[in-house]
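Reading the structure
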Amino acid sequence: MGKILLIDDDPFQCAAVESIIKKMGYDCHCVYSGIEGLTLLRSSHFDIIFLDLNLHEGSGLSHIPRLTELDPDVDIVMLTGESDTDCISQAFAAGVKDYLVKPIKEDRFRQVIQNLMQQKTVQKEQTDTLVRDEIIGDSTALNQCLERLAISAKGTGNVLITGETGTGKELFARALHNNSDRKDKRYIVVDCTNLPSTLAESLLFGHAKGSFTGADQDRKGLFHLAHGGTLFLDEIGDLDLGIQKSLLRVLQEKTFRPLSSSKEVYSDFRLVAATNRNLEEMVARGEFRSDLYYRLQSFIIELPPLRERNGDIEMLTRHYLPTLCKENGMEEKEVDPQFVETLRLYDWPGNVRELVNVLHVSLQKARFSKYLNIYHLPQQLRMRRVFQDMGENDEPQQGVNVVPGLYSLPMTPEEFPIMKTARQEAVDAMEQVYLQRLVQLSDSSISTACKLSGLSRARLYELLSKHNLSLKNN
Ligand SMILES: Nc1ncnc2c1ncn2[C@@H]1O[C@H](COP(=O)(O)OP(=O)(O)OP(=O)(O)O)[C@@H](O)[C@H]1O
């Protein structure tokens, strides 16, 4: 049964609305302040919240970010006596689904509930039947992306998948094809990175015999081959501007002419594109065509970075470890809880790809051990853990001598490193902390950094590069 929450400080209004909702067959809870609403949301899920604007404690709008943080799937509808246009715009900007002005009209009220509930049911059905392929994770953020994947798979328009490197854009593109009506037709992948424009034209559009030296026969292009299926353009942000223009024409007209051919070819392919670049900024700089950008925007799936869904880390680890052990000819290993805990503390700039790589490296170190523990992890992850243990998030506190604590030695003879390795790891860890602090204190000035550290410019640049730092990190 659907659940609805009313947040309104007028008990009479609540009673009237509650009776309509209960007659519709839904479960209804009333609370008289935003604070009570937030408390309730910590332990219960609701499908819809009707939120009053003018509450005793202040504006209901101020509660929206926290309400959606606690229950990302909830739909919020304003229910208020305030009909000021500014309030309406602010409410929509804050993400509400609808805005109803009191006194409520019962028909309209019922319609809002029915539509929102229906949409939720359809979304759930679509997500439940989705074939996830290899997509692992159960965080709210990933589940929201899977919902969008399910909706887009049943649609027909172009889809743009965005997200940092290694977040799974290619995995989603393939799953989109496999869940669509086109799944029995071709799925063609084109990596637009470093695709020279001359080669791109003949690859995408095809060519007629004799169109250039070496073209000894007619060749179908990928647009043609993808007819009825899906064309995945990976890293579309890298596509040459000239090709962008031709692509736009193909998307609009579904026809194109292979190089040196007099015949137009019709092709009905579905375009899925992905990028880790900010296309909006590229449009502003004139590096990406705005008309193509608007065409691609019809449906966007934004994949969150792993650090924003670190609830998925354990699931991904447990999924990948057995496969990696098998690939490396090892018995499956047991995993120390602190190992997973330490994985959760890290930022994962390379996202899932980096996580898989770290698991691979850790397994190499643990080759002769039955367990995976934190000492098998690369140094930057162990360092992160030390910072955390010191009660900090990112950096060492002002004036604290962090260096001696950075390198913790394993307790088992099998893991115990030779002195040379231990010394090198300690030096590396110390350098990293030292340079991070130096960068902070130098205010992007190389001469200040050299003066403070006593290092030459050449040596400083060498060390910064070794630790992936830049004076501009400040
Ligand atoms: N949710 C996930 N579940 C399981 N594996 C994942 C997931 N997301 C990513 N991966 C794995 O991480 C690696 C990188 O994924 P993928 O190539 O899809 O990322 P990407 O976003 O396309 O990266 P790039 O922008 O660098 O091309 C692959 O090995 C993929 O299988």
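This one's a predicted model, so the numbers in the text were calculated from it and none came from an experiment.

Looking at the overall build of the protein
Scanning the protein from terminus to terminus reveals 19 helices and 18 strands. In terms of principal-axis extent, the alpha carbons of the protein reach across some 75 × 70 × 50 Å. Looking at the protein as a whole, 46% of its 474 residues are labelled buried. Intrachain contacts of the protein at a sequence separation of at least 6 include 67% that bridge at least 24 residues. Per element, the accessible surface of the protein, about 24,800 Å² overall, is 50% carbon and sulfur. Taking the average location of the 55 positive side-chain charges in the protein and that of its 67 negative ones, the two points are 6 Å from each other.

Focus on the state of the cysteines
Scanning the model with the defined rule gives zero disulfides in all. Cys 14 carries a free sulfur, and the closest cysteine sulfur to it, the one in Cys 30, is 4.3 Å from it. Judged by relative accessible area, Cys 14 falls into the buried class, the value being 1%.

What to know about the UniProt feature "modified residue: 4-aspartylphosphate" (unreviewed entry) in the protein
Here, UniProt's "modified residue: 4-aspartylphosphate" (unreviewed entry) annotation points to Asp 52. Looking at the element boundaries, Asp 52 is found in the loop between strand S3 (48-51) and strand S4 (54-55). In this view, Asp 52 contacts Ile 7, Asp 8, Asp 9, Gly 60, Met 78, Leu 79, Thr 80 and Lys 102; residues no more than four positions away in its chain are not counted.

What about the site of the ligand?
The immediate surroundings of the ligand are formed by 17 residues, with Ile 136, Thr 165, Gly 166, Lys 169 and Tyr 320 found nearest. In the environment of the ligand, a nitrogen atom lies 3.4 Å from a nitrogen or oxygen atom belonging to the backbone of Glu 134. Glu 235 is positioned such that a nitrogen or oxygen atom in its side chain is 3.3 Å from an oxygen atom of the ligand. When the ligand sits alone it has 630 Å² of accessible area, and the protein chains cover 84% of it. Elements with a contribution of two residues or more to the shell around the ligand: helix H7 (169-178), helix H13 (313-327) and helix H15 (351-365). With three residues, the single largest contributor to the shell around the ligand is H7. Tallied by class, residues from the shell around the ligand come to six nonpolar, five polar and six charged.

Here's the deal with the sheet that holds strand S16 (residues 300-302)
Spatially, five strands are ordered S9-S12-S15-S8-S16 in an open sheet, and the strand pairing comes out parallel. Across the chains shown, the open sheet's two edge strands, defined by having one partner strand only, are strand S9 (187-191) and S16. Mean inter-strand twist for the sheet, computed between neighbouring axes without regard to direction, equals 15 degrees. Relative to strand S15 (residues 270-275), strand S8 (residues 159-162) runs parallel, the two being bridged by four bridges. Bridge pairing in S15 links Val 159 to Val 272.

Focus: the nonpolar core
As a rule of thumb, nonpolar side chains are buried together in soluble globular proteins. Counting 32 residues, the largest nonpolar core has Phe 223, Leu 231, Ile 236, Phe 288 and Leu 296 as its most contacted members. Of all the secondary-structure elements, those providing two or more residues to this core are S9, helix H8 (197-205), helix H9 (222-225), strand S12 (230-234), helix H10 (241-253), S15, helix H11 (279-284) and helix H12 (290-296). Considering every element that reaches this core, the biggest residue donor is H10, with five residues. What Leu 296 contacts, discounting residues up to four positions off in sequence, is Asn 158, Val 159, Leu 160, Ile 236, Leu 271, Ala 273, Leu 279 and Phe 288.

Some thoughts on the confidence of the model for the protein
Mean pLDDT over the protein stands at 87; residues scoring 70 or higher make up 95%. This model gives residues 394-407 a pLDDT under 50, and the stretch forms 27 contacts once residues within four places in sequence are excluded.

Things to note about the pattern of salt bridges
Counting across every chain of the model gives 25 salt bridges. Residues Glu 69 and Arg 66 are paired through a salt bridge, measuring 2.9 Å at the closest nitrogen-oxygen approach. Here Glu 69 pairs with Arg 66, and both are found in helix H3 (residues 64-70), just three residues apart, close to one helical turn. For Arg 66, a relative accessible area of 32% gives the class partly exposed. Glu 281 is paired through a salt bridge with Arg 285; the nearest N and O atoms lie 4.0 Å apart. Overall, Glu 281 belongs to the partly exposed group, its relative accessible area being 44%.

Basis of the calculations
Residues numbered from 1 in each chain as written. Predicted model: local features only at pLDDT ≥ 70, side-chain atom pairs only at ≥ 80, totals over all residues. Heavy atoms only, no water. Helix = DSSP H or I, 4+ residues; strand = E, 2+ residues; numbered from the N terminus. Buried < 20%, exposed > 50% of the residue type's maximum accessible area, 1.4 Å probe, protein only. Contact = heavy atoms within 4.5 Å. Areas by Shrake-Rupley, 256 points an atom, 1.4 Å probe, with all protein chains shown as cover. Lys, Arg positive; Asp, Glu negative; His and termini not counted. Charge placed at Lys NZ, Arg CZ, Asp CG, Glu CD. Disulfide = S-S within 2.5 Å. UniProt positions renumbered as here; feature names shortened; annotations may be inferred. Near = heavy atom within 4 Å. Polar contact = N/O pair within 3.5 Å; in protein donor to acceptor, adjacent residues only side chain to side chain. Nonpolar A, V, L, I, M, F, W, Y, C, P; charged D, E, K, R; others polar. Pairing = 2+ DSSP bridges. Axes fitted to C-alpha atoms, helices over the stretch in contact; angles between N-to-C directions. Core = buried A, V, L, I, M, F, W, Y, C linked by side-chain atoms within 4.5 Å. pLDDT = per-residue confidence, 0-100. Salt bridge = Lys/Arg side-chain N within 4 Å of Asp/Glu carboxyl O.

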